Amino acid sequence: MILLNRLIFTNATGDTRAELKFSDSFSFVFGASNTGKSFAVKSLDFMLGGNRELPDIQERRPYDRVQLELTLQPDQRLVLERALAGGEFLVSVNGAEPVVWGARHNRNNDDNLSNNLLGRLGMAGKEIAQDKSATKKPLSFRDIVRLCIVDETSIQSETSPAQTGEVQFAALERNIFKYMLTGEDDSALITQLKPKEYSAGRSAQVSLLEQMLIEVDAEIADSFPDLDNLTDELEKVRGELANLERQIAFARESARTKLENKANLVKLINRDQQRVTDIVLALENFSQLKRVYDSDVARLESIEEAGFLLGLTADDSCPVCGAPPEAQKHKHALAEIEAARAAAEIEIAKVKAHGVELTATVGDTSAELQRTGGRLLDNQKSLASIEAEIAAGLPTADDNLRRLSEIIPRRDRINRGLELSKRKLELEKQIAELKKRRQKRLPSNAQAGLSVHTANQFAMEVGSILKEWGFPGECRTFFEIEKNFDLIIDGKQRKDNGKGVRAITHAAFKVGLMTYCRKRDLPHPGFVVLDSPLITYRDPIRSRDGALSAEEVAIKSSDLAERMLAHLGSLGALGQVIIFDNIDPPANAATYADIEIFTNNPAEGRQGLL
């Protein structure tokens, strides 16, 4: 529930200020014409998200900003501030730092006034059907405010209080009213295309398909004059392609085998070449070793021969100096010389044995060199032969690839032609089906307005209020839901009464909506603001609204005004009512209402709103 606490007008410096406070239950603001009552009503609507520019009256010139303090029960206090020129809102919640809220409804976030207030009232995310096809729009707070704030023009209108009179919004407004009286929105309804939209969509589809058909026909005529023969030609091309693919597969397999053999031969050749190199190097080493053996044998044979000779001449004069044996300084025993000679002889035998072994090894190694060399030559010949075969097969492979490159485009062209032919048939079929197709509409699932039961329950609530106010007649009230979507009071359409009666019954309608919803815990902000509901009490001579009707005369002569205001003053537990009017309140009005008087006299009380 929302309570409107006060409306404040300020300027940028804060030194100019005008304030209008409201009671939590019933406020009655009265005074002469042109004192700002209607401007206050428009300002309240403006501060609750209205986008209509405020009247550019002289009295508003010193001010450039307006504030509205609200209480969202139980414990949230909001201060809304907005430039008189319009735009976004600065909003402070419970005295916190102000934040900016947008003026346009956006259900996808909370940085706008509408979705914030709907969320706090438990109405966020609701959807309302706009027509019988159940085309839906998100519920905005402005849809609700329209049923809570009534200006002077609307309250006298012949249009139903539930509607604005704009034909294009009639279904939407009826469904908003239905939502408030039932608490059920239209989000579950299935949206259907409107007949005109369906027809336009079908025509657009046919036009698009016909354009596509023209393009297909043009391509067929330009590129496929042989369209009728393409199926036979495709079979022929497929046969050629299959035969060529077999040849290519055979050639590929043959080439693969030859390449594998070539790789094996290269591996063997590389191995044998390495082995030949190793053998040649080994033979060179063996040759050097044999020379060493021969040198060792020659040296040892010299030692052995010298020992032998020395043994023969042991008792002779020195062969070098000719000294006789007795004159020689060193004496060497014959046994020592013989031992040296014998040792040399043994060493000679060992070296010669090694030489024999070396000769055998050289023979084996030379034989291996001959075998490896022969195998190497054979493999090199085989490699040359395989390379020649591979080279001989390259022209054939190139020819196969050339033939393949010729067949593939032929096949692709044939497939494109057949695809276009198939596409043409499909398009012609689709066009024919679309032209014959008619919209299959489900029975309308969007309930326009109200059920009879709910409508009459609401009408009974309004009738009880009229009776409480002392409205003339029996106050038997019904709600006509088909044509006018309005009340019938004692058998008479509400719109067929004079302005004064229409204003009173409009007020009863809006107050009844609030009490009906609040008693049943249905969605309603919990306040009603009415501008001039008691126009019946105008001066018939001086008023621009003209003479009174018979019903208005009866009302003016009754105590309806006193009873109406007293009743509104008793509704504090259900909601807040604010009335702006020209008539003087009853003498005891201060006991049930907060009274504010606009005197239109600067020397007496409050002259006006600003």
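How each quantity is defined
Residues numbered from 1 in each chain as written. Predicted model: local features only at pLDDT ≥ 70, side-chain atom pairs only at ≥ 80, totals over all residues. Heavy atoms only, no water. Helix = DSSP H or I, 4+ residues; strand = E, 2+ residues; numbered from the N terminus. Buried < 20%, exposed > 50% of the residue type's maximum accessible area, 1.4 Å probe, protein only. Contact = heavy atoms within 4.5 Å. Areas by Shrake-Rupley, 256 points an atom, 1.4 Å probe, with all protein chains shown as cover. Pairing = 2+ DSSP bridges. Axes fitted to C-alpha atoms, helices over the stretch in contact; angles between N-to-C directions. Salt bridge = Lys/Arg side-chain N within 4 Å of Asp/Glu carboxyl O. Phe/Tyr/Trp six-rings, centres within 6.5 Å; stacked < 30°, edge-to-face > 60°. Lys NZ or Arg CZ within 6 Å of the ring centre and 35° of its normal. Core = buried A, V, L, I, M, F, W, Y, C linked by side-chain atoms within 4.5 Å. Parallel < 35°, antiparallel > 145°, perpendicular 65-115°, else oblique. Left-handed = near helix turned anticlockwise from the far one by under 90°. Nonpolar A, V, L, I, M, F, W, Y, C, P; charged D, E, K, R; others polar.

*Asks:* An account of the overall build of the protein chain is requested, with residue identities and associated values reported.
*Replies:* Check the secondary structure of the protein chain and you find twelve helices and 16 strands. Looking at the protein chain as a whole, 40% of its 610 residues qualify as buried. A separation of at least 24 residues holds for 69% of the contacts in the protein chain among residues at least 6 apart in sequence. A total of about 32,900 Å² of accessible surface is found on the protein chain, and carbon and sulfur atoms cover 53% of it.

*Asks:* Describe the pairing of strand β2 (residues 17–21), naming the residues involved and giving the relevant values.
*Replies:* On a regular strand, one side chain projects to one face of the sheet and the next to the other, so that they alternate. Burial along β2 is one-sided: A18 and L20 are buried, and none of R17, E19 and K21, which face the opposite way, are. Linking two consecutive strands that pair antiparallel, namely strand β1 (residues 2–10) and β2, is a turn of six residues; a positive phi of about 80 degrees is found at G14 within it.

*Asks:* Quick one: what's the story with the sheet that holds strand β15 (residues 576–581), residue by residue and with numbers?
*Replies:* Strands sit in the order β10-β14-β15-β3-β16 across an open sheet of five strands; the sheet is parallel. Since the sheet does not close on itself, it has two edges, and those belong to β10 (149–150) and β16 (594–598), each with one partner. Lying on the sheet, helix α1 (residues 37–47) is in contact with β3 (26–31), β10, β14 (527–531), β15 and β16; it crosses β15 at an angle near 145 degrees.

*Asks:* Lay out the pattern of salt bridges in plain terms, naming residues and giving numbers.
*Replies:* Pairing between side chains of opposite charge can happen when the charged atoms of each approach one another. All chains considered together, the criterion is met by 29 salt bridges. For R375, the salt bridge identified is with D272, shortest N-O distance 3.0 Å. Taken as a pair, R375 in helix α8 (residues 334–436) and D272 in helix α7 (residues 230–312) lie far apart in primary sequence, 103 residues in all. The class of R375 is partly exposed, set by a relative accessible area of 37%. The network of salt bridges with common partners includes R6, R17, E19, K21 and E69.

*Asks:* Can you break down the sheet that holds strand β11 (residues 477–480) residue by residue, with the values?
*Replies:* The strand order across the open sheet built from three strands is β11-β12-β13, with neighbouring strands paired in antiparallel fashion. Strands at the two margins of the open sheet, each flanked by one partner only, are β11 and β13 (492–493). Bridge analysis of β11 against strand β12 (residues 486–489) gives four bridges, and the strand direction is antiparallel. Its bridge partner being in β12, T477 is matched across the sheet by I489.

*Asks:* Run through helix α12 (residues 560–569), naming residues and quoting values.
*Replies:* By the criterion of burial, α12 is predominantly enclosed, with seven of the ten residues buried. Restricting attention to buried positions, one finds in α12 the residues L560, A561, M564, L565, H567, L568 and G569.

*Asks:* Give a description of unusual backbone geometry that names residues and reports values.
*Replies:* A positive phi angle, close to 60 degrees, is found at C475, a residue other than glycine. With respect to the helices, strands and loops of the structure, C475 is situated in the loop between α9 (452–469) and β11. One non-glycine residue, D521, adopts positive backbone phi at about 55 degrees. Looking at where D521 falls in the secondary structure, it is placed in the loop between α10 (499–519) and β14. Under the relative-accessibility criterion, D521 is labelled exposed at 72%.

*Asks:* Which residues make up the packing of aromatic side chains, and what values do they have?
*Replies:* All chains considered together, the criterion is met by 13 aromatic pairs. Summarising the aromatic geometry, the rings of F479 and F509 are spaced 6.2 Å apart at their centres and angled 40 degrees between planes, so their arrangement reads as tilted. One end of the pair, F479, is in strand β11; the other, F509, is in helix α10, and 30 residues separate them in sequence. Both residues of the pair, F479 and F509, count as buried. Among the aromatic residues, ring-to-ring pairing joins F177, F458, F479, F485, F509 and Y516 into one connected group. If you follow R82 out to its NZ or CZ, it ends over the ring of F46, 4.3 Å from the centre.

*Asks:* So what's going on with the nonpolar core? Residues and values would help.
*Replies:* As a rule of thumb, soluble globular proteins bury nonpolar side chains together. If you look at the biggest cluster of nonpolar residues, it comprises 103 residues, and the most contacted ones within it are L4, L48, F177, W469, F479 and F580. It is α10 that contributes the most residues to this core, eleven residues altogether. Core analysis: the second largest hydrophobic core is formed by 18 residues, V206, L234, V237 and I431 among them.

*Asks:* How would you summarise the packing of α9 against α10 if you had to cite specific residues and measurements?
*Replies:* It is the contact of α9 with α10, at a shortest axis distance of 8 Å, that shows an interaxial angle of 120 degrees. The angle between α9 and α10 places the two elements in the oblique class. Of the two possible hands of crossing, α9 and α10 adopt the one that is right-handed. Only I504, T505, A507, A508, F509, V511, G512, L513, T515, Y516 and K519 of α10 make contact with α9, whose side of the interface consists of T454, Q457, F458, E461, V462, I465, L466 and W469. Looking at side-chain class alone, the contact of α9 with α10 contains twelve nonpolar, five polar and two charged residues.

In short, the description is geometric, and any link to function would need to be established separately.
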